[in-house]
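Spelled out, the chains give:
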Amino acid sequence: MSVGFIGAGQLAHALVKGFTAAGVIATKRITASSPDTDLPTVSGLRRMGVNLTTSNKEVVQNSDVLFLAVKPHIIPFVLDEIGPDIEDRHLIVSCAAGVTISSIEKKLLQYRQSPKVMRCMTNTPVVVREGATVYATGTHAEVEDGRLLEQLMASVGYCTEVEEDLIDAVTGLSGSGPAYAFTAVEALADGGVKMGLPRRLAVRLGAQALLGAAKMLLESDMHPGQLKDNVCSPGGATIHALHVMESGGFRSLLINAVEASCIRTRELQFLADQEKISPAAIKKTTLDKVLQQPGVGTGVGVRSGISLFNNNHPRNKK
Amino acid sequence: MSVGFIGAGQLAHALVKGFAAAGVIATQRIMASSPDTDLPTVAGLRRMGANLTTSNKEVVNNSDVLFLAVKPHIIPFVLDEIGPDIEDRHLIVSCAAGVTISSIEKKLLQYRPCPKVMRCMTNTPVVVREGATVYATGTHAQVEDGKLLEQLMASVGFCTEVEEDLIDAVTGLSGSGPAYAFTALDALADGGVKMGLPRRLAVRLGAQALLGAAKMLLDSELHPGQLKDNVCSPGGATIHALHVMESGGFRSLLINAVEASCIRTRELQFLADQEKISPAAIKKTTLDKVLQQGSPVNTDRPDIQTSSR
């Protein structure tokens, strides 16, 4: 089995690093494409033994499981480019936030009858094999396709299937979650430093405390509130600390965060469904390079309010 | 080598569970004492194969490394009781928040010239072998004593030596830290449920996200701010979320928490150093049972001064 990545950025790099550490696939069976060969992630992938190319078509031809690991607004360009090269064996896995399975299937149906599409939402800790991944199955994907994807993603962390309509909420929670955690550790470390600890030790202890607590919760049947109770001895230091947190509405801030991330994800999905991308939203270099690829129609005009699902597809033009 | 625990509560239970999982010591070489045999942790310890007793002296006689795993205000009673039974081989490790090495040494010096004392601050995730422990070395403890303790505690998580004056701050950060995390996880799950996720999945994803991020940080040389930047794509969902957190002063609440826990720890230490314990602060059953052991505590005064000599 070969795995391909359209896109060689943070996500591809993190997944490959995790897969490699898990030994679930040999790096020589992985190909990744990127128009920009200067990215640090590109050299990282090369160092790991992955095959790099600037040609998306080459990735498609050399893979069975094909991850779309580009920014959401690039997806339509990519699908137009690789559509003709998709074969029956291909399992297309989109990792793009807010891009629906139906929008991908709609594009690919122009080229094949039954494109096998899945959508997944993962997060960066796949790089240390502690990711959180959910996936939804498209119309033509089979049970064994789901199992295959789950096998891959479970090698780098937690993985479970969900209905597609939950994916935006998952984005808000575990997709963005690591950022909430990094912010929290930095603040905890500031607290430690304020009370006299050296910075390195404070960061270490803060991260370790979060890790240990999360692991306790994952390995326990107890409610988080019960676990919290168990560490608050009467009149002790911890319950004093919790009081000041609650006084500041700590819990509410985290609910707000999950909500804000989820809502923004839905917004981005809505904008994408509108199929109008402003030129400013597409890095000019990226667009130019995509257009330079042989086979990509140049009839896709960069007008203000560009429609990427233009029925006047270059191939259909007479 | 045998390990003893004075006290068979949450801390002893968590440490024994971790040590057993790590295979660093056989449970039959562990003994724990408790006046209250009804505690769920006592039953848990028994199930793990540790030896249980109601006699603190028996624990002392059967151990080389002796953990004091009782509440801070009980420590003076315990020290008075076991003082005469301490021998040269014993390494006393106090886990009591806010109890200084010097206060323990002061008590034990009444019985021995060179009591080997260490003080440690750990946390409950030792139970899953991901604890955070620091320790400080007392006047008469040797380098190899530190190494021995570090070997034990490193089997259940991160462990490092510190100067004693940092321990209160550590209490505020990693001692209380798991409670901050459990609260955060409850709230994150609430957020997920609000946006449509089933509760179990929301709890699972929230905990996994925190665990993964913490592991990334521990395995990386990068600054947490840099790691945060790396996951915030321009105009994306995550930076929108971070903005609402910052608007609410999220960071400040965590600094406040660490500070509050640290300050309360220092307060408790100050009260303990005053050596005036109100009878109400000591559970009556516990005091009675300690007194039944025949400890030479002066009981004919309303406020029990435990340094009456």
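The rules we used
Residues numbered from 1 in each chain as written. Chains lettered and ligands numbered in written order. Predicted model: local features only at pLDDT ≥ 70, side-chain atom pairs only at ≥ 80, totals over all residues. Heavy atoms only, no water. UniProt positions renumbered as here; feature names shortened; annotations may be inferred. Helix = DSSP H or I, 4+ residues; strand = E, 2+ residues; numbered from the N terminus. Buried < 20%, exposed > 50% of the residue type's maximum accessible area, 1.4 Å probe, protein only. Contact = heavy atoms within 4.5 Å. Areas by Shrake-Rupley, 256 points an atom, 1.4 Å probe, with all protein chains shown as cover. Domains from an automatic or database assignment. Salt bridge = Lys/Arg side-chain N within 4 Å of Asp/Glu carboxyl O. Polar contact = N/O pair within 3.5 Å; in protein donor to acceptor, adjacent residues only side chain to side chain. Nonpolar A, V, L, I, M, F, W, Y, C, P; charged D, E, K, R; others polar. Pairing = 2+ DSSP bridges. Axes fitted to C-alpha atoms, helices over the stretch in contact; angles between N-to-C directions. 1 Å grid on protein atoms, 1.4 Å probe; cavity = no way out; pocket = protein on both sides within 12 Å on 5 of 7 lines; lining within 4 Å. Points joined across faces, edges and corners; volume = space filled by probe spheres on them.

Chain B carries the name Pyrroline-5-carboxylate reductase in an unreviewed UniProt entry, which gives Esox lucius as its organism. In the Pathway (unreviewed entry) part of its UniProt record, chain B is described as follows: "Amino-acid biosynthesis; L-proline biosynthesis; L-proline from L-glutamate 5-semialdehyde: step 1/1." Word for word, the UniProt comment on chain B under Sequence similarities (unreviewed entry) is "Belongs to the pyrroline-5-carboxylate reductase family."

For chain A, an unreviewed UniProt entry supplies the name Pyrroline-5-carboxylate reductase and the organism Esox lucius. UniProt, in its Pathway (unreviewed entry) section for chain A, records the words "Amino-acid biosynthesis; L-proline biosynthesis; L-proline from L-glutamate 5-semialdehyde: step 1/1." Listed under Subcellular location (unreviewed entry) in UniProt, the entry text for chain A is "Mitochondrion".

Novice: Which residues make up the overall build of chain A, and what values go with them?
Specialist: Regarding its fold elements, chain A presents 13 helices and 10 strands. Taking all 318 residues of chain A together, 57% fall into the buried category. Once local pairs closer than 6 in sequence are excluded, the contacts in chain A between residues at least 24 apart make up 68%. For chain A, the accessible area works out to roughly 13100 Å², and carbon and sulfur atoms hold 49% of it.

Novice: Account for the domain arrangement of chain A, naming residues and giving values.
Specialist: As assigned here, chain A comprises domain 1 (3-167) and domain 2 (176-269). With centres defined by C-alpha atoms, the gap from domain 1 of chain A to domain 2 of chain A works out at 32 Å.

Novice: Account for the interface of chain B and chain A, with residues named and values stated.
Specialist: At the interface, 96 residues of chain B touch 95 residues of chain A. Our enumeration of links across chain B and chain A arrives at 4 salt bridges. The salt bridge involving A:Lys194 is made with B:Glu259; its shortest N-O contact spans 2.7 Å. Here chain B and chain A share 15 residue pairs in polar contact (both at pLDDT 80 or more) between them. Elements with a minimum of two residues in the side of chain B that touches chain A: β7 (131-137), β8 (157-161), α7 (167-175), α8 (177-194), α9 (199-218), α10 (224-230), α11 (237-247) and α12 (250-274) of chain B. The element contributing the most residues to the side of chain B that touches chain A is α9(B), with 18 residues. In the side of chain B that touches chain A, the residues fall into 54 nonpolar, 28 polar and 14 charged.

Novice: Please set out the pattern of salt bridges residue by residue, giving values where relevant.
Specialist: Evaluated as defined, the whole model comprises 31 salt bridges over all chains. Where A:Glu259 meets B:Lys194, a salt bridge forms, and the shortest distance between an N and an O atom there is 2.7 Å. Separated into two different chains, A:Glu259 in helix α12 (residues 250-274) and B:Lys194 in helix α8 make up a pair that spans both. Across the pair B:Asp85 and B:Lys57 runs a salt bridge whose closest N-O atoms are separated by 2.8 Å. Taken together, the positions of B:Asp85 in the loop between α4 (75-82) and β5 (91-94) and B:Lys57 in helix α3 (residues 56-61) put the pair 28 residues apart, joining distant regions of the chain. Salt bridges sharing partners connect three or more residues here, namely A:Arg119, A:Glu164, A:Asp168 and A:Arg266.

Novice: Give a description of the UniProt feature "domain: Pyrroline-5-carboxylate reductase dimerisation" (unreviewed entry) in chain B that names residues and reports values.
Specialist: Here the UniProt-annotated "domain: Pyrroline-5-carboxylate reductase dimerisation" (unreviewed entry) positions come out as residues 164-268 of chain B. Helix makes up 80% of residues 164-268 of chain B and strand 0%, with an end-to-end C-alpha separation of 16 Å.

Novice: So what's going on with the sheet that holds strand β4 (residues 65-68) of chain A? Residues and values would help.
Specialist: All names here are of chain A. In space, the 8 strands of this open sheet follow the order β3-β2-β1-β4-β5-β6-β7-β8, with mixed pairing throughout. The open sheet has two edge strands with one neighbour each: β3 (51-53) and β8 (157-161). Direction aside, neighbouring strands of the sheet carry axes that sit 20° apart on average. Looking at chain direction, strand β5 (residues 91-94) and strand β6 (residues 116-121) are connected through 4 bridges and run parallel. Residue pairing in the sheet places serine 94 in a bridge with arginine 119 of β6. Contacting β1 (3-6), β4, β5, β6, β7 (131-137) and β8, helix α6 (residues 143-154) runs over the sheet at an angle of about 160° to β8.

Novice: Tell me about empty space enclosed by the protein, and please be specific about residues and values.
Specialist: The full count for this structure, using the stated rule, is 5 cavities of 30 Å³ or more. If you add up the space inside the second largest cavity, you get close to 110 Å³. Lining the second largest cavity are 14 residues, with A:Ala184, A:Leu210, A:Phe250, B:Ala184 and B:Phe250 sitting closest to its centre. Along the lines of polarity and charge, the residues of the lining of the second largest cavity split into 14 nonpolar, no polar and no charged.

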